[in-house]
Amino acid sequence: MSLFYKEFTNDEEVVNAIGSIKAKGVNEDTIYVVTHDDDRTKRIADNADANTPGGFATKAKNIFSKKGDELRDQFKDLGFTASEAETLEEKLDEGKVIVVVKDAPAGFTV
């Protein structure tokens, strides 16, 4: 099992992709949606019945942090390296939506 992510440009693509991921038998508890905007993240996650990263500990740690720091911490909490988290956060700055699957089966694609 490994960490998998894919970037998207619009919300409808994300919802459809998550439906496809679930149809492949991936446990929905391992599917996460991340965007640069908390409201957008929640809306997409609700529509796709997926998760948002950042438990209480992450939120408490980032209460006085800038948004970029918070997002990088969320990616690191999901299992990405600091360098990967930086790259993914930059993609969010461009308006992308990132879907993460923790514990993805070997060779998994969307």
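All of these numbers come straight from a predicted model, not from anything done at the bench. (Residues numbered from 1 in each chain as written. Predicted model: local features only at pLDDT ≥ 70, side-chain atom pairs only at ≥ 80, totals over all residues. Heavy atoms only, no water.)

Some points on the packing of aromatic side chains
For step 1, the next point in the chain: Counted according to the given criterion, the structure contains three aromatic pairs.
For step 2, the next point in the chain: Considering the side-chain rings of F4 and F108, the 4.9 Å spacing of their centres and the 90 degrees angle between planes classify their relative orientation as edge-to-face. Highlighted residues: F4 in strand β1 (residues 2-8) and F108 in the segment after β3 (97-104), separated in sequence by 104 residues.
For step 3, the next point in the chain: By relative accessible area, F108 is classed as buried at 12%.
For step 4, the next point in the chain: With centroids separated by 5.9 Å and ring planes inclined at 75 degrees, the aromatic side chains of Y5 and F80 adopt a geometry described as edge-to-face. Of this pair, Y5 sits in strand β1 while F80 sits in the loop between α4 (67-78) and α5 (82-93), placing them 75 residues apart in sequence.
For step 5, the next point in the chain: By relative accessible area, Y5 is classed as partly exposed at 35%.
For step 6, the next point in the chain: By relative accessible area, F80 is classed as buried at 7%.
For step 7, the next point in the chain: Residue placement shows K24 over the ring face of F108; its charged tip is 5.5 Å from the ring centre. (Phe/Tyr/Trp six-rings, centres within 6.5 Å; stacked < 30°, edge-to-face > 60°. Helix = DSSP H or I, 4+ residues; strand = E, 2+ residues; numbered from the N terminus. Buried < 20%, exposed > 50% of the residue type's maximum accessible area, 1.4 Å probe, protein only. Lys NZ or Arg CZ within 6 Å of the ring centre and 35° of its normal.)

A word on the pairing of β3
For step 1, the next point in the chain: A large share of β3 lies buried, amounting to six of its eight residues.
For step 2, the next point in the chain: Alignment of β1 against β3, held across six bridges, turns out to be antiparallel. When the bridges of β3 are listed, F8 appears paired with V97. (Pairing = 2+ DSSP bridges.)

Section: the packing of α4 against α5
For step 1, the next point in the chain: Two numbers describe how α4 lies on α5: the axes approach to 8 Å, and their chain directions differ by 130 degrees. Accordingly, the angle class assigned to the pair α4 and α5 is oblique. When you trace α4 past α5, the crossing you get is right-handed. Of the residues in α5, those touching α4 at G68, L71, R72, F75 and K76 are A82, A85, E86, L88, E89 and L92.
For step 2, the next point in the chain: Looking at side-chain class alone, the contact of α4 with α5 contains six nonpolar, one polar and four charged residues. (Axes fitted to C-alpha atoms, helices over the stretch in contact; angles between N-to-C directions. Parallel < 35°, antiparallel > 145°, perpendicular 65-115°, else oblique. Left-handed = near helix turned anticlockwise from the far one by under 90°. Contact = heavy atoms within 4.5 Å. Nonpolar A, V, L, I, M, F, W, Y, C, P; charged D, E, K, R; others polar.)

Examining the nonpolar core
For step 1, the next point in the chain: In terms of nonpolar packing, the biggest core is built from 17 residues, with V14, I18, I31 and V101 touching the most fellow members.
For step 2, the next point in the chain: Elements with a contribution of two residues or more to this core: β1, α1 (11-23), β2 (31-34), α2 (38-48) and β3.
For step 3, the next point in the chain: The contact partners of I31, leaving out residues within four places of it in the chain, are I18, I21, K22, V26, A50, N51, V99, V100 and V101.
For step 4, the next point in the chain: Counting residues in hydrophobic clusters, the runner-up holds 11 residues, among them V34, F75, L78 and L88. (Core = buried A, V, L, I, M, F, W, Y, C linked by side-chain atoms within 4.5 Å.)

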